[in-house]
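A look at the structure
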Amino acid sequence: MDLATVIGLSLAVIGIIGGNVVEGGNPAALLNVPGFMIVIMGTMGATIIAQPLERVIGLPKAILKAFFGGPPHKAGETVELFVTMADKARREGLLALEGDVENIHDEFARKGVQLMIDGTDPELLREIMEIEAEAMRHRHEANFSVLELAGGISPTIGVLGAVMGLMSVMRHLDQPDEIGPGIATAFVATFYGVFTANVLWLPLANKLKNNSKDEQHYLAVVIEGLMSIQSGDNPRIVREKLEGFLRPSERTKKDGGGGGDSGQERQAA
Amino acid sequence: MDLATVIGLSLAVIGIIGGNVVEGGNPAALLNVPGFMIVIMGTMGATIIAQPLERVIGLPKAILKAFFGGPPHKAGETVELFVTMADKARREGLLALEGDVENIHDEFARKGVQLMIDGTDPELLREIMEIEAEAMRHRHEANFSVLELAGGISPTIGVLGAVMGLMSVMRHLDQPDEIGPGIATAFVATFYGVFTANVLWLPLANKLKNNSKDEQHYLAVVIEGLMSIQSGDNPRIVREKLEGFLRPSERTKKDGGGGGDSGQERQAA
Amino acid sequence: MDLATVIGLSLAVIGIIGGNVVEGGNPAALLNVPGFMIVIMGTMGATIIAQPLERVIGLPKAILKAFFGGPPHKAGETVELFVTMADKARREGLLALEGDVENIHDEFARKGVQLMIDGTDPELLREIMEIEAEAMRHRHEANFSVLELAGGISPTIGVLGAVMGLMSVMRHLDQPDEIGPGIATAFVATFYGVFTANVLWLPLANKLKNNSKDEQHYLAVVIEGLMSIQSGDNPRIVREKLEGFLRPSERTKKDGGGGGDSGQERQAA
Amino acid sequence: MDLATVIGLSLAVIGIIGGNVVEGGNPAALLNVPGFMIVIMGTMGATIIAQPLERVIGLPKAILKAFFGGPPHKAGETVELFVTMADKARREGLLALEGDVENIHDEFARKGVQLMIDGTDPELLREIMEIEAEAMRHRHEANFSVLELAGGISPTIGVLGAVMGLMSVMRHLDQPDEIGPGIATAFVATFYGVFTANVLWLPLANKLKNNSKDEQHYLAVVIEGLMSIQSGDNPRIVREKLEGFLRPSERTKKDGGGGGDSGQERQAA
Amino acid sequence: MDLATVIGLSLAVIGIIGGNVVEGGNPAALLNVPGFMIVIMGTMGATIIAQPLERVIGLPKAILKAFFGGPPHKAGETVELFVTMADKARREGLLALEGDVENIHDEFARKGVQLMIDGTDPELLREIMEIEAEAMRHRHEANFSVLELAGGISPTIGVLGAVMGLMSVMRHLDQPDEIGPGIATAFVATFYGVFTANVLWLPLANKLKNNSKDEQHYLAVVIEGLMSIQSGDNPRIVREKLEGFLRPSERTKKDGGGGGDSGQERQAA
């Protein structure tokens, strides 16, 4: 499970429920079937309407993915891989990479390298890879945009619940003892709406969006790497280019000693 | 009828109205002619102002389309179609596709293939198809933007109804028995405004937007396919390119066995 | 007067005011000089500040235009015109169009055709026409963005009015009889702010925006048509290209019978 | 002083304060030191945090500029200037413009003409001028985005003031006489927050944004004019191109009589 | 520490807390453990969920950076540096710059100059530098977007706290003495939510965004400078181009006397 989700969710729940307890509130009052029905079922219904059915079916999986995440793309390793391949390709030709294809765990990179070995025209290779990257972005956007919709709808459905609750209270102003608890109950729906939106839907949408941006960044590394190898760039140049995508801390530290190498390479070039 | 709309709408109504009933509310209190007039007619009026008349007339049809949807474009089938055509065109020439035109059910794809057979210049063909795709996007955007407008206006018109209702109540504070029910009635307008916005207009706008994005994605598949066939690409390359647009689950599974084929093709190429 | 504006505005007023009357409210209570001064003058002042003076002067005209609209561009007719001109230009040369210039009612199209006849370089012709189209977009955007600003400011100025009214009420809690009517009066400003924003400013802004988008679409038809004629495209291609901009219902129905023609043209080409 | 600012501000103040007076409110109640401190100092503090120090120092000047404006760029005159220069340059060569440089009052245009006379390569000239235009846009955006931030923050800080005020009131519910005036005072902060946001910050931000867009439009005229002169365009074409940027009312009316001229020019060309 | 942050934060705190004190409020009432737990922990939890873990760890550093800032890039000095290098490179060749590399303090500029001396192809050099600039933008965007999320979530979590507090109050309407203080306490959460959003998160997000835009502007200066030197531009042109990025006040004042020089250069060119 993605550790940030665990930590973040625990912190939010402890803070919000704990704060209420410290204040003297009764957290049991927050457990309320009607509020749950109104907000959760209402929000689910609305987000299901907003989607074609096939995407609705994939929704829980996308939410779980936001919860549990996956191993992040190790951009640093990918850079190393492409530098090594650039070196090999330069010395022994592109076909020499045939044996390495199996060792590439990432499907996107493997597809690209295979197409390159097959002798696909660079223009066409870039086009195929960019279509694939764009289609991924399109699929991921569909997921986080549902969560954003849920995050936008959920608090107003909470208000809807409060309005309906207050309407009941208002019709029975002649029973003063019921007013207070009635209003309190009416507010539970607002609590559910605001809580789920701000602690679940919006942060998870944001996480999926961030993951999607990071992935697009990673895919760009792969595409640039393929183009660089195919055009026979110097491995040093390949590294220089691809490391531009990395945070400074992820970059290889050999740069210092590499100064000499690069000098040699410059003479050779 | 689009199943997601049925399921979603039922879920939302059961959740929201059912939650109110469980809470002890009286759903009959939600049936209220003035609230309906203020919110529904007010929102309709405002959205009609926002449109040229001819588009107003097409509006109900667009909303029904959002409700009932249509058969989704089967992108997977389209890829197969283009791969087959690419194969045929390569062996027998573009004119051999003449007989297949009738079997293409999608109008956009058929127009493109016909133009290609007619020998339209590739540049011009792409331009014509992109004009058509862009015009579709323009038409669809007009539809979902009306629903977005309705979704934005409707809750505030609900507030307007509440304000007018509260004004009546405030003028008669001397009749304490009337205060509670008066406020309750005033709130019905808010209920209508928030309910229609969050359960109807915004989710339906979102659905139309999603459908439009999916369609643009489909149109891109068709345009890429046409370009690929016209430039005489290898059918394997056509598949590689177009499958990039599909979700992994939609892609042909022959890829494994196809490794050998692709090897042969590579020799032949 | 633009019929949609009349219908929409009537519907909204009947719904909102009528709903209030049915509910037992007194619409006369909505006529209130202070509320009018605060909201209407306040919003006008704020939008005047937001504009250079010369644009302020043109504002009422822009709003009237949104109200009354103008005859929509008949894109269908324009396509016919360009197809006819393409045919003539192909047979008799561009100069033969000299006599048709006078019959072009739309200024933009006329300017383009005149420049084309004058032998303006295609690159330059496109550039001149695009500068003109962009400048139109810039001018129209200025208009609808003022209305959007008014729509955003007006409800909060309504709240301002309510706050000031409530402040007066709060200072006189010792006169209980005055409280109710005082609050009711305070709310009128909110009514004006929300009503004008949602029934006037925002829908009208939306209408101007829609009109501007439609016009840009129309201008694109004209520019494409000019380019097509100048490069000597086949009239059938000109039709194919320009009809892409039209809704399917606007397209010429001769397409069926035209199949034969297009066959001939193909042989001739 | 920019007349629109004076008129708009007067109208807004007369409407809002006057409306309150007509309603029987006491405008003196709106003068309130704590409310002023909370909202004005709070908003100032927040916007200062949002900026690097050097830009904070330039802020008051930018606000004054929004208030007082400057003489608008006279795009019409600029078009005339460039048409005249195009004519001269065509007949006597670019160097003949040396004497006119001093008469160009606008710094941006003067720099461009000077560079053109110096024989700067067209590509490079365009690049230099576009860097300058983009840097201007960047500087102006920084100014109006601060005002937008202030406009967004100020009403919520007003709410903050109301919340703090209500908290004081709530702690002294045992002094019923104090409740009304206490709530009234608490609301003053809301008044300040909403008033300054909607009558000052947001309209002024909008004005600076409009001015910036207009200026970019003007800079585009200059750049197009330079390119046109340098490429030796016919003065008639220069006019045709640059007048595309002007509102129809600003365009030269000689067009009618110019029909004959343009005929001659066409023969000469 | 960034002076604007100190001044702005002090001003905001003095204004808001001071205003409350002047009004007769008790600032101690704003110190409230439950409110702090609910809002601060809740917001922290939600923003942690929205991020991959590694970015969560870097968050405090990013916030501190927003607080303390760093020495701004001295764009003026950089222009001088590039003009000097352009002059040297023109007279003695690119390799002559080898000795200057060590004196370039900014890492981005140094990398660029080093690559240029190494004889990297201009196309490739621009590409490498733009990848690096884009990756920086991507990293910085991640930081300010977290703060924007916190600024959006924090006030609604404040409302959540108020709702929970009011629910407790409503359940004990039979103890009238507790109502006032209970409501006051419930509001503290709203205070925390609105205060932190508007005085901390949103202004700091804005500052990081501004800094990022300024940095991108600076990086563009460096890239343009590199391209200009590599293509052997005249130092005068290099200055002309790069000074376009500077505010007028930062530009070299030698321009007047430089008129003569530029005359000479023009003859020499």
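Description of the relation of the copies chain D and chain E
With an RMSD of 0.0 Å, chain D superimposes on chain E once it is rotated by 72° and translated 0.0 Å along the axis. The operation mapping one copy onto its partner corresponds to a five-fold rotation axis. Of all interface residues in chain D, a mere 2% are interface residues in chain E too; the two copies therefore contact each other through different surfaces.

Focus on the packing of aromatic side chains
Residues and elements named next belong to chain A. Counted by the stated rule, this structure contains 15 aromatic pairs over all chains. Aromatic pair Phe 191 and Phe 195: ring centres 5.5 Å apart, planes at 25°, arrangement stacked. With Phe 191 and Phe 195 both in helix 7 (residues 176–230) and four residues apart, the pair spans about one turn of that helix. Considered together, Phe 191 and Phe 195 belong to a single accessibility category, that of buried residues. Through a chain of ring-to-ring contacts, three or more aromatic side chains come together here, namely Phe 36, Phe 191, Tyr 192 and Phe 195.

A look at the confidence of the model for chain A
Residues and elements named next belong to chain A. Taken over all residues, the pLDDT of chain A has a mean of 85, while the share at 70 or more is 91%. Of all the helices and strands in chain A, helix 9 (residues 255–268) carries the lowest mean pLDDT, 37, while helix 2 (residues 33–49) carries the highest, 94. This stretch, residues 254–269, has a pLDDT under 50; its non-local contacts, to residues over four places away or in other chains, come to seven contacts. Here the complex is predicted with pTM 0.87, and the ipTM for its interfaces comes to 0.83.

Some remarks on the interface of chain A and chain E
At the interface, 54 residues of chain A touch 48 residues of chain E. In total, about 4,600 Å² of surface goes out of reach between chain A and chain E, with carbon and sulfur atoms giving 67% of it. Applying the counting criterion to the chain A and chain E interface returns four salt bridges. With a shortest N-O distance of 3.5 Å, Asp 118 of chain E and Arg 236 of chain A are connected by a salt bridge. Breaking the side of chain A that touches chain E down by element, the ones donating at least two residues are helix 1 (3–22), helix 7 and helix 8 (235–243) of chain A. Residues that form the side of chain A that touches chain E fall into these classes: 26 nonpolar, 15 polar and 13 charged.

Observations regarding the packing of helix 7 (residues 176–230) of chain E against helix 8 (residues 235–243) of chain E
Residue and element names in this part refer to chain E. Look at helix 7 against helix 8: their axes get within 10 Å of each other, and the N-to-C directions meet at 160°. Judged on the interaxial angle alone, helix 8 and helix 7 are roughly antiparallel. In this structure, helix 7 crosses over helix 8, and the sense of that crossing is right-handed. Facing helix 7, whose interface residues are Val 221, Glu 224, Gly 225 and Ser 228, helix 8 presents Val 238, Lys 241 and Leu 242.

Regarding the side chain of Asp 233 of chain A
For Asp 233 of chain A, the position within the fold is in the loop between helix 7 and helix 8. At 2.7 Å, the side chain of Asp 233 of chain A and the side chain of Ser 228 of chain A are in polar contact. For Asp 233 of chain A, the side chain forms a polar contact with the side chain of Ser 231 of chain A, separated by 3.4 Å. When sequence neighbours within four positions are dropped, the list of residues in contact with Asp 233 of chain A reads Arg 90, Ser 228, Val 238 and Lys 241 of chain A together with Leu 124 of chain E.

What counts and how
The residue numbers shown here count from 1 along each chain, following its written sequence. Chain letters start at A and ligand numbers start at 1, both assigned in the order the entries are written. Totals for whole chains, interfaces and linings use all residues, but because this is a predicted model, local features are given only for residues with pLDDT of at least 70 and pairs of side-chain atoms are given and counted only at 80 or more. Heavy atoms throughout the structure, all of them, feed into the side-chain values; hydrogens and water do not. We superpose the copies by least squares over the C-alpha atoms of residues that have a pLDDT of at least 70 in both of them. The criterion used for residue contact is that any of the two residues' heavy atoms lie within 4.5 Å. The rule is short: rings of Phe, Tyr and Trp, with Trp giving its six-membered ring, pair when the centres are within 6.5 Å, and they are stacked under 30 degrees, edge-to-face over 60, tilted in between. Labels follow the DSSP assignment, with helices taken as runs of H or I lasting at least four residues and strands as runs of E lasting at least two, numbered in each case from the N terminus. Buried means the residue's accessible area, taken with a 1.4 Å probe over protein chains only, is under 20% of the maximum for its type, while exposed means over 50%, and partly exposed covers the values in between. A residue's pLDDT is simply how confident the predictor is in it, with values from 0 to 100. Note on terms: buried area is the combined drop in 1.4 Å-probe accessible area of two parts once they are placed together, counting the loss on both. Whenever a carboxyl oxygen of Asp or Glu lies within 4 Å of a side-chain nitrogen of Lys or Arg, that contact is scored as a salt bridge. For this scheme, ten residues count as nonpolar: Ala, Val, Leu, Ile, Met, Phe, Trp, Tyr, Cys and Pro. Four count as charged, namely Asp, Glu, Lys and Arg, and the remainder, Gly too, count as polar. All axes here are fitted lines through C-alpha atoms, helices being fitted over the stretch that makes contact, and every angle between N-to-C directions spans 0 to 180 degrees. For classification purposes, an angle smaller than 35 degrees is called roughly parallel, one larger than 145 roughly antiparallel, one from 65 to 115 roughly perpendicular, and anything else oblique. A clockwise turn of the near helix away from the far one marks a right-handed crossing, whereas an anticlockwise turn of less than a right angle marks a left-handed crossing. A 3.5 Å cut-off defines polar contacts: any pair of N or O atoms within that distance qualifies, except that in protein one atom must be a possible hydrogen donor and the other a possible acceptor, and neighbouring residues in sequence count only when both atoms are side-chain atoms.

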